[in-house]
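Survey of secondary and tertiary structure
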Amino acid sequence: MVMGVGRVVAAAQSLVLGLVSLVAGPPHVVLVGLDSSGKTTALLRLKYGQYVNAVPTVGFNCERVRSGGYQWLVWDVGGCERVRPLWRSYTRATDALVFVVDSSSGRDRLEEARVELHRLARQQGVESAAHNRPRPPLLVVANKQDLPSARPSHELAVDLGLSDLPPTQTWALAPACAVTGEGLHEAMEALHALMLKTKRMPRPWK
Ligand SMILES: Nc1nc2c(ncn2[C@@H]2O[C@H](COP(=O)(O)OP(=O)(O)OP(=O)(O)O)[C@@H](O)[C@H]2O)c(=O)[nH]1
Ligand SMILES: [Mg+2]
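Residues numbered from 1 in each chain as written. Chains lettered and ligands numbered in written order. Predicted model: local features only at pLDDT ≥ 70, side-chain atom pairs only at ≥ 80, totals over all residues. Heavy atoms only, no water.

Looking at an unreviewed UniProt entry, one finds the chain named ADP-ribosylation factor-like protein 6 and attributed to Petrolisthes cinctipes. In UniProt, the chain has this text filed under Sequence similarities (unreviewed entry): "Belongs to the small GTPase superfamily. Arf family." (UniProt positions renumbered as here; feature names shortened; annotations may be inferred.)

Here we come to the pairing of strand β5 (residues 138–143). β5 sits mainly inside the fold: six of its six residues count as buried. The alternating pattern of β5 places L138, V140 and A142 and L139, V141 and N143 on opposite faces, both of which are buried. Running through helix α4 (residues 107–130), the crossover from strand β4 (residues 96–102) to the neighbouring parallel element β5 is right-handed. Relative to strand β6 (residues 171–175), β5 is paired through five bridges, and the arrangement is parallel. Across the sheet, residue A142 finds its bridge partner in β6, namely P175. Of the crossover connections in this fold, the one passing from β5 over helix α5 (residues 153–159) to the parallel β6 is right-handed. (Buried < 20%, exposed > 50% of the residue type's maximum accessible area, 1.4 Å probe, protein only. Helix = DSSP H or I, 4+ residues; strand = E, 2+ residues; numbered from the N terminus. Right-handed = clockwise from strand over helix to strand, strands pointing away. Pairing = 2+ DSSP bridges.)

In the vicinity of ligand 1 there are 21 residues, among which K39, T41, T57, G79 and D146 approach most closely. Between ligand 1 and the protein, one listed contact pairs an oxygen atom with a side-chain N or O atom of K144 at 3.0 Å. Between ligand 1 and A178 there is a distance of 2.9 Å, counted from an oxygen atom to a backbone nitrogen or oxygen. Contact with the protein chains hides 85% of the accessible area of ligand 1, taken as 650 Å² for the molecule alone. When each cavity is represented as a set of grid points, ligand 1 is found to reside in the largest pocket. At three residues, helix α2 (residues 39–48) tops the list of elements feeding residues into the shell around ligand 1. Classifying every residue of the shell around ligand 1 by side-chain character gives eight nonpolar, nine polar and four charged. (Near = heavy atom within 4 Å. Polar contact = N/O pair within 3.5 Å; in protein donor to acceptor, adjacent residues only side chain to side chain. Areas by Shrake-Rupley, 256 points an atom, 1.4 Å probe, with all protein chains shown as cover. 1 Å grid on protein atoms, 1.4 Å probe; cavity = no way out; pocket = protein on both sides within 12 Å on 5 of 7 lines; lining within 4 Å. Sits in = over half its atoms within 2 Å of the grid points. Nonpolar A, V, L, I, M, F, W, Y, C, P; charged D, E, K, R; others polar.)

A metal bound by six donors in octahedral fashion has ideal angles of 90 or 180 degrees, whereas one bound by four tetrahedral donors has an ideal angle of 109.5 degrees. Note on the magnesium ion (ligand 2): its protein donors are T40 (OG1) and T57 (OG1). The metal-donor distances range over 2.0 Å. Of the two residues, T40 is situated in helix α2 and T57 in the loop between α2 and β2 (60–67); the sequence distance between them amounts to 17 residues. Here T40 falls in the buried class, since its relative accessible area comes to 12%. According to the relative accessible area criterion, T57 is buried, its value standing at 19%. (Donors = N, O, S within 2.8 Å, 3.2 Å for Na, K, Ca; no water.)

Here the largest pocket defines a volume of roughly 420 Å³. In terms of lining residues, the largest pocket is bounded by 23 residues, among which S36, S37, G38, T41 and A54 are the most central. It is α2 that provides the largest number of residues to the lining of the largest pocket, a total of three residues. (Points joined across faces, edges and corners; volume = space filled by probe spheres on them.)

All right, on to empty space enclosed by the protein then. Tallying each qualifying case throughout the model produces one cavity of 30 Å³ or more. Reported here for the largest cavity is a volume of approximately 90 Å³. The wall of the largest cavity is formed by L31, A42, L46, V98, V100, L139, V141, L184, A187 and M188. Looking at the lining of the largest cavity, the elements that each hand over two or more residues are α2, β4, β5 and α6 (184–198). By residue number, the principal contributor to the lining of the largest cavity is α6, which donates three residues.

We now examine unusual backbone geometry. Not every positive phi belongs to a glycine, and S36 is a case in point at roughly 70 degrees. Its location among the elements puts S36 in the loop between β1 (28–32) and α2. Residue S36 is classed as exposed on the basis of its relative accessible area of 56%. Its identity as a non-glycine residue notwithstanding, N132 has a phi of 50 degrees, on the positive side. Checked against the element boundaries, N132 lands in the loop between α4 and β5.

As structure tokens, this is what we get:
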């Protein structure tokens, strides 16, 4: 069977990423997003393969998980307003970012999420320029898709102004339900594809 050049390159990149992961440890991913968006539920679902009732995060959780066929070291940071300034300590040296949104949020909360997301992207731009490296890819998870009031992901893309992100910021949007786990592994596969695209290689946590 003849493989296209693109697929050969992607397979080679994937192999390199896998080998580097073996040496340097899995890529670091930080979960951020407003309080109660479902970050910890998603992390625990990925870790244990079942629903675990989460309490609001004070500080952070960190778990090594396997998802989308790859190993990840996932940091989950509390999202309530007063601890959001701490996100920066986790995001400044990460390999990838996951921004979790409650898709059933009303207008005000979606606007709050939009503001935080763009603030984060701006900070990443400054950090990446200062260290002369590509921005970490950004995966937006449209969580709580099981709720009747959940907005479809294409509407959330507009609400969150994703097309206004700078062209150097690679991003993807994935619908999910952290309670059932639906969409989470596909979301992590999408993140892996973004990492290959940005040629972000994992490195040890500093
Ligand atoms: N229906 C539904 N509920 C969800 C989903 N994901 C999380 N939840 C619920 O939303 C609530 C908040 O979930 P958490 O995982 O604690 O949210 P968080 O983003 O970690 O919140 P902080 O730690 O405060 O930042 C919990 O009651 C979860 O059971 C989902 O996909 N669907
Ligand atoms: Mg939490």
